[in-house]
Amino acid sequence: MGCDGGTIPKRHELVKGPKKVEKVDKNAELAAKWKYCALSQEKLRRPIVTCELGRLYNKDAVIEYLLDKSAERPNTEAVTHIRGIKDIKELNLTDNPEWGGERRNTKGDVYEDVHCGMFICPVVGLEMNGKHRFCYLQTCGCVFSDRALKEVKTEICHKCGDPFQNTDIVVLNGTKEEVEKLREKMEARRATAKAKKSKKSKAAASASTTSQAKDDGKAEEAPKCSLENGGTSSQSVKAGSSGASHPSCALNGDGPLATASKRSIQEMEEKSETFKSIFTTHSSAKRTKDQTSNWVTHTPYHF
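Residues numbered from 1 in each chain as written. Predicted model: local features only at pLDDT ≥ 70, side-chain atom pairs only at ≥ 80, totals over all residues. Heavy atoms only, no water.

Draft legend 1. Structural view of the overall build of the chain. The helix and strand inventory of the chain stands at nine helices and eight strands. Across the 303 residues in the chain, those meeting the buried criterion constitute 25%. Entry remark: accessible area of the chain is about 22200 Å², with carbon and sulfur atoms responsible for 53%. (Helix = DSSP H or I, 4+ residues; strand = E, 2+ residues; numbered from the N terminus. Buried < 20%, exposed > 50% of the residue type's maximum accessible area, 1.4 Å probe, protein only. Areas by Shrake-Rupley, 256 points an atom, 1.4 Å probe, with all protein chains shown as cover.)

Dropping the structure here:
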């Protein structure tokens, strides 16, 4: 049996018991949520954005995903609800003065605090490391701790001064129950926006149909006016006799009477000769047969 040589097997080596459930390290879980991008699994670096569910991403990783969604990437299920750049919000974070950076312990001779966060709450000073609950405002993107929003109740942002409401507060890296509530709010918000958009499109379509119907009505009234004037339209225009019977058509410009009402500038008695000589219809601008050339120039004038 392979037990020669004085080896004594123990009980756990011979009897197989139930497998122990592997426990997830809480520190590693918090670091994965608050220090690494939820899409690319790279370390968070500015600019940092978040979605309507409160997850943290690197902005360049989200843009690469939106540009090419067919590429194979890990954790793509975490960004399926992001349709475009409007579905994310860039966060206005406050740096932690105690954060020394990634290269603070290159030699390995300095104590490294794994709970030290890169950012803090600007009001209370709590570190954003996962031990405390943090929220952001959808209006401006400023990040605060939940304790600061509860202790200092106001309707104006503590950092930038923009107004906000309680519905604009979104929890960052919340629990499963909080994420489900945020998902329901997101779907309801998108449904209302889609309904408003459909109403606007219907109103615009109805307005366009009414304007088109009015244009068609005007086009139908024009030939009616010309027929009511009687006889040949050209003779009535020259005589000017039908202008009094239907003055509305002539004034509106719908019928041929509008063209007959136009007079030549040379026939206007109230205009001076100096004013009339400006135009090419004046007698001084016309050439006689002797003055006209028998060849074609670059800019010929024929009167």
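Moving on from the model shown.
Draft legend 2. Representation of the layout of surface pockets within the structure. Approximately 470 Å³ is the volume attributed to the largest pocket. Taken together, the elements giving at least two residues each to the lining of the largest pocket come down to α2 (26-34) and α5 (176-228). Considering only residue class, the lining of the largest pocket consists of eight nonpolar, five polar and four charged. (1 Å grid on protein atoms, 1.4 Å probe; cavity = no way out; pocket = protein on both sides within 12 Å on 5 of 7 lines; lining within 4 Å. Points joined across faces, edges and corners; volume = space filled by probe spheres on them. Nonpolar A, V, L, I, M, F, W, Y, C, P; charged D, E, K, R; others polar.)

Draft legend 3. Seen up close, the pairing of strand β6 (residues 134-137). The two faces of β6 match: Phe134 and Tyr136 on one face and Cys135 and Leu137 on the other face are all buried. Here β6 pairs with strand β7 (residues 143-145) via three bridges, running antiparallel. Note on β7: the bridge partner recorded for Phe134 is Ser145. (Pairing = 2+ DSSP bridges.)

Draft legend 4. Broad picture of helix α3 (residues 59-67). Buried within α3 we find Ala61, Val62 and Tyr65. In an axial view of α3, the angular spread of the buried residues amounts to 100°, which keeps them on one side of the axis. Buried residues in α3 make contact with β1 (48-50) and β2 (56-58). (Arc of directions from axis to C-beta. Contact = heavy atoms within 4.5 Å.)

Draft legend 5. How the structure looks around the packing of aromatic side chains. As enumerated under the stated definition, the model contains two aromatic pairs in all. When the ring of Trp34 is compared with that of Phe134, the centres are 6.4 Å apart and the planes differ by 65°; the resulting orientation is edge-to-face. Residue Trp34 is found in helix α2, and its partner Phe134 is found in strand β6; the two are separated by 100 residues along the sequence. According to the relative accessible area criterion, Trp34 is buried, its value standing at 6%. Its end group placed over the ring of Phe275, Lys271 keeps NZ or CZ at 5.3 Å from the ring centre. (Phe/Tyr/Trp six-rings, centres within 6.5 Å; stacked < 30°, edge-to-face > 60°. Lys NZ or Arg CZ within 6 Å of the ring centre and 35° of its normal.)

Draft legend 6. Region of the structure containing a positive patch on the surface. Together, Lys196, Lys199, Lys200 and Lys202 make up a positively charged patch on the protein surface. Here Lys202 lies in helix α5. Among the residues examined, Lys202 registers a relative accessible area of 61% and is labelled exposed. (Patch = residues over 30% accessible without salt bridge, like charges linked within 9 Å, V, L, I, M, F, W, Y side chains within 5 Å. Salt bridge = Lys/Arg side-chain N within 4 Å of Asp/Glu carboxyl O. Lys, Arg positive; Asp, Glu negative; His and termini not counted. Charge placed at Lys NZ, Arg CZ, Asp CG, Glu CD.)

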